[in-house]
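Observations on the model geometry
Listed below, chain by chain, are the residues.
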Amino acid sequence: MAGKPVRQVNAIDQTRRMLSLVTYLRERPGARIADVARAFGITEDELVADLDLLPMCGTSFRGGDLLDIDTDGERIWWHNPAALGEEAAEPLRLAADEATALLVAARAVATLPGLREGDRQALLRATAKVETAAGETAGASSRLSVTFESEGGVFADVDRAISERRRLWIRYYSPARDEVTEREIDPIRLVSVGHTYVEAWCRRSEARRTFRLDRVAEIRILDEPSAPPEIELRDLSEALVQPAAEDPEVVVEVGPGGRWVAEYYPHDSADELPDGGLRITLRTPDPASLRRLALRLGRDGRIVSPPELADSARRAAAEALAAYETQPPAGAGQAGQCP
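Residues numbered from 1 in each chain as written. Predicted model: local features only at pLDDT ≥ 70, side-chain atom pairs only at ≥ 80, totals over all residues. Heavy atoms only, no water.

The protein chain goes by WYL domain-containing protein in an unreviewed UniProt entry, where it is assigned to Streptomyces filipinensis.

Structural data, given as structure tokens:
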């Protein structure tokens with residue numbers, strides 16, 4: 001598939017870029033957005049997203065210590081570059097609760113499976129320095145611990161695979177089909193849209209797929225290199241799937257056992273029903289594709305509108321039931337015939 005080359009970006013890569021961006025902008029007041037984006041090899045939209053984060057950074061959370069950086073759409077202006085100057089370099093002082101939170105978090109991250117050993121050792125050295133500076137506060141933090149859920153380990157493995165450009169093997173649960181499948185994927189990037197997902201090239205389907213991390217039952221980093229084809233990255237800032245406004249509207253009602261539909265399918269609204277179910281309004285370019293959803297839901301849901309789709313779903317369900325009832329009992333056959 002033709003398109004822009006895949007840009008494999010993770011949180012560590014973005015952090016490194018933003019640190020370099022601070023130095024770059026300090027030396028070039030009024031730099032043009034197009035020139036800066038070109039210098040860093042990113043799109044202008046990606047650069048603007050970085051600029052939206054920079055004002056949350058600084059030497060402290062006091063107003064004057066945060067970076068005052070903005071843009072007029074063409075140029076980038078840094079109004080308080082002295083915030084990072086030598087005159088602003090004061091010894092770091094942490095309150096007791098800040099030191100405790102930092103130490104507990106650092107120790108927890110150091111235990112994550114899949115964390116590169118070099119990163120783990122660097123984190124442990126930094127933790128030891130904070131413990132020395134914290135003094136008696138460090139003793140209180142040692143009595144606290146944090147255990148990450150399984151998604152944390154999956155995240156670390158995916159992040160490592162992206163960084164090292166290696167293929168992944170996963171066992172993945174699909175609620176739409178209620179099954180667990182095994183597949184090899186070439187990870188492209190991690191994205192967060194309500195939940196955390198990995199966008200990847202799936203070698204089983206030979207297509208781009210998005211996998212939710214908390215549905216990965218098992219994961220292994222393989223020795224094979226990750227080699228996704230050159231594809232254009234999609235804008236996933238709003239949702240993983242973004243139906244068009246002109247797509248036909250479909251209304252589905254589900255019982256308590258079908259509430260997962262609202263989580264799995266992008267929708268315009270999901271209204272609570274008295275029985276604990278939902279009335280879900282969504283749009284799709286191919287309404288007929290939802291007949292399979294209706295069959296999957298069974299008694300846990302039904303298509304309400306459009307009427308022709310609801311009728312089609314009922315006919316499909318009746319045909320499936322009739323086909324099931326006409327099948328001979330398992331093991332039935334001619335007398336004396338071996339199974």
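More follows now that the structure is in view.
**Focus: helix 5 (residues 117–134)**
For helix 5, built from 18 residues, the straight-helix expectation of 26 Å at 1.5 Å per residue is met to within 8% by its first-to-last C-alpha distance of 25 Å. Taken together, the buried positions of helix 5 are occupied by Arg120, Thr127 and Ala134. Each buried residue of helix 5 lies within a common arc of 50° when the element is viewed along its axis, so the set occupies one face. Away from its buried face, by an angle of more than 90 degrees, helix 5 presents the exposed residues Gly118, Arg125, Lys129, Thr132 and Ala133. Positive phi shows up at Gly135, right after helix 5, with a value of about 65°. (Helix = DSSP H or I, 4+ residues; strand = E, 2+ residues; numbered from the N terminus. Expected span 1.5 Å × (residues − 1). Buried < 20%, exposed > 50% of the residue type's maximum accessible area, 1.4 Å probe, protein only. Arc of directions from axis to C-beta.)

**Some words on the sheet that holds strand 9 (residues 269–272)**
Spatially, 4 strands are ordered 9-10-8-11 in an open sheet, and the strand pairing comes out antiparallel. Looking along the sheet, the strands with just one partner apiece sit at the ends: strand 9 and strand 11 (301–305). Strand-to-strand twist in this sheet, taken as the mean axis angle between neighbours without regard to direction, amounts to 20°. Sheet topology note: the strand 8 (residues 249–254)/strand 11 ladder contains 4 bridges and is antiparallel. Paired with Val251 across the strands is Ser305, a residue of strand 11. (Pairing = 2+ DSSP bridges. Axes fitted to C-alpha atoms, helices over the stretch in contact; angles between N-to-C directions.)

**Quick look at the pattern of salt bridges**
Taken as a whole and assessed by the stated rule, the structure comprises 22 salt bridges. Across the pair Asp50 and Arg17 runs a salt bridge, and its minimum N-O distance is 2.8 Å. Placement of the pair is Asp50 in helix 3 (residues 44–53) and Arg17 in helix 1 (residues 11–26), with a sequence separation of 33 residues. Of the two residues examined, Asp50 and Arg17, each falls in the buried class. For Glu218, the salt bridge is made with Arg171, and the minimal N-O distance between the two is 3.8 Å. Of the two residues, Glu218 is situated in strand 7 (residues 216–225) and Arg171 in strand 3 (residues 166–174); the sequence distance between them amounts to 47 residues. (Salt bridge = Lys/Arg side-chain N within 4 Å of Asp/Glu carboxyl O.)

**A word on helix 3**
Turning to helix 3, its buried residues number three or more, namely Leu47, Asp50 and Leu51. Along helix 3, the residues classed as buried sweep out an arc of 100° about the axis, all on the same side. The exposed set on the far side of helix 3, more than 90 degrees from its buried face, consists of Asp45 and Asp52.

**Overview of the confidence of the model for the protein chain**
Segments scoring low in pLDDT should not have their predicted coordinates read at a detailed level. Per-residue confidence for the protein chain averages 75 on the pLDDT scale, and 71% of its residues sit at or above 70. Under a pLDDT of 50 for its full length, residues 329–339 has, in the predicted model, 0 contacts with residues more than four places off or in other chains. (pLDDT = per-residue confidence, 0-100. Contact = heavy atoms within 4.5 Å.)

**Description of the pairing of strand 9**
In terms of strand pairing, strand 9 meets strand 10 (residues 278–283) through 4 bridges, oriented antiparallel. By the bridge assignment for strand 10, Asp271 is matched with Arg279. Connecting the antiparallel pair strand 9 and strand 10 is a turn made up of 5 residues, with Gly276 showing a positive phi of about 95°.

**Description of the environment of Asp159**
Structurally, the position occupied by Asp159 is in helix 7 (residues 150–164). Sequence separation between Asp159 and Ile188 is 29 residues; the distance between their C-alpha atoms is 9.8 Å.

**A short note on the packing of aromatic side chains**
Using the criterion set out here, one finds 2 aromatic pairs in the structure. A ring pair is formed by Tyr172 and Phe211, whose centres lie 5.0 Å apart and whose planes are at 80°; its orientation type is edge-to-face. With Tyr172 in strand 3 and Phe211 in strand 6 (residues 207–212), this residue pair connects regions lying 39 residues apart in the sequence. Relative accessible area serves as the criterion here: at 9%, Tyr172 is assigned to the buried category. A cation sits over an aromatic face here: Arg28 above Tyr24, 3.9 Å from the ring centre. Over the ring of Trp169 we find Arg220; its NZ or CZ atom is 4.0 Å from the centre of that ring. (Phe/Tyr/Trp six-rings, centres within 6.5 Å; stacked < 30°, edge-to-face > 60°. Lys NZ or Arg CZ within 6 Å of the ring centre and 35° of its normal.)

**Digging into the environment of Val22**
Secondary-structure assignment places Val22 in helix 1. For Val22, a relative accessible area of 13% translates into the label buried. Taking the C-alpha atoms as reference points, Val22 and Leu51, separated by 29 residues in sequence, lie 9.7 Å from one another.

**Focus: the pairing of strand 3**
A large share of strand 3 lies buried, amounting to 7 of its 9 residues. Here strand 3 runs beside strand 7; their pairing, made up of 6 bridges, is antiparallel. Across the sheet, the residue bridging to Trp169 is Arg220, located in strand 7.

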